[in-house]
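Here is what each chain is made of, one letter per residue.
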Amino acid sequence: MKKVNDMKLKWSMNIGLFFMFLLISSASKADTIDVWHVYYNQHLIQDFNAYSANEIVLKLDSIQPGDSITLRYYRDTPCYDCASFLTLENEKHYIFFERSNRGTGAPISFSVDQLRAIKNKGYFRPFLVFYYEGKLERRSDKIRLFRIRLE
């Protein structure tokens, strides 16, 4: 009788340990976040993610002809042949211009002179920079990366 009770106790302990293992392993799954690097004339100026304060301030008097900003976007499930896009927009989602490349992590660049030209036409608000891959079906598919403020 004692042997049967010991076996039942071991069985119930094993079942309990198994369920505890399942609970712990499901709660501790690793999660990654997307990151993006911003370069000014090929020099890294910012590393961003969804939790960082994502704003770049550029001084108008320090902008030189030919200056550029390059973005490299990274995620844990990259695509190597998909179209990737970067758009610069205003707060009402008017697209000033769009640039593209192929694949996650591929550099996408634009000229800072374009920003200054838009500013000189009277636009005084920050530029919003968005990223997306593939065919855009909804505006919510775009990922807002950062703001650029010209001073």
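Look up: the structure comes first, before these words.
Here's what I pulled together on the structure shown here. If you're wondering where the values come from, they're calculated on a predicted model, not measured in any experiment.

About the thresholds
- Residues numbered from 1 in each chain as written.
- Predicted model: local features only at pLDDT ≥ 70, side-chain atom pairs only at ≥ 80, totals over all residues.
- Heavy atoms only, no water.
- Buried < 20%, exposed > 50% of the residue type's maximum accessible area, 1.4 Å probe, protein only.
- Helix = DSSP H or I, 4+ residues; strand = E, 2+ residues; numbered from the N terminus.
- Pairing = 2+ DSSP bridges.
- Polar contact = N/O pair within 3.5 Å; in protein donor to acceptor, adjacent residues only side chain to side chain.
- Phe/Tyr/Trp six-rings, centres within 6.5 Å; stacked < 30°, edge-to-face > 60°.
- Core = buried A, V, L, I, M, F, W, Y, C linked by side-chain atoms within 4.5 Å.
- Contact = heavy atoms within 4.5 Å.

1. Side note on the pairing of strand 4 (residues 68-74)
And then number 1: Most of strand 4 is tucked away: 5 of the 7 residues are buried.
And then number 2: With 6 bridges connecting them, strand 1 (residues 35-40) and strand 4 associate as antiparallel partners. Residue pairing in the sheet places V38 in a bridge with L71 of strand 4.
And then number 3: Sheet analysis places strand 4 next to strand 7 (residues 108-111), joined by 4 bridges and oriented antiparallel. Looking at the pairing, L71 lines up with I108 of strand 7.

2. Topic: the side chain of E89
And then number 1: Note on placement: E89 falls in strand 5 (residues 83-89).
And then number 2: According to the relative accessible area criterion, E89 is buried, its value standing at 0%.
And then number 3: At 2.8 Å, the side chain of E89 forms a polar contact with the side chain of T87.

3. Here we look at the packing of aromatic side chains
And then number 1: With the rule as written, the count across this model stands at 9 aromatic pairs.
And then number 2: Measuring from centroid to centroid gives 4.9 Å for F96 and Y123, while their planes differ by 65°, and the two rings are edge-to-face. Taken together, the residues span a long stretch of sequence, with F96 in strand 6 (residues 95-102) and Y123 in the loop between helix 2 (112-120) and strand 8 (127-133) at a distance of 27 residues.
And then number 3: The partly exposed category is assigned to F96, whose relative accessible area is 22%.
And then number 4: You can call Y123 buried: its relative accessible area is 13%.

4. A few points about the nonpolar core
And then number 1: The biggest cluster of nonpolar side chains holds 26 residues, and the ones touching the most others in it are L58, L71, L88, L115, L145, F146 and I148.
And then number 2: Elements supplying a minimum of two residues to this core: strand 1, strand 3 (55-58), strand 4, strand 5, strand 7, helix 2, strand 8 and strand 9 (143-150).
And then number 3: Among the elements that line this core, the one with the most residues is strand 9, at 4 residues.
And then number 4: Residues within four places of L58 in sequence aside, it is in contact with Y40, I69, V112, L115, I148, R149, L150 and E151.

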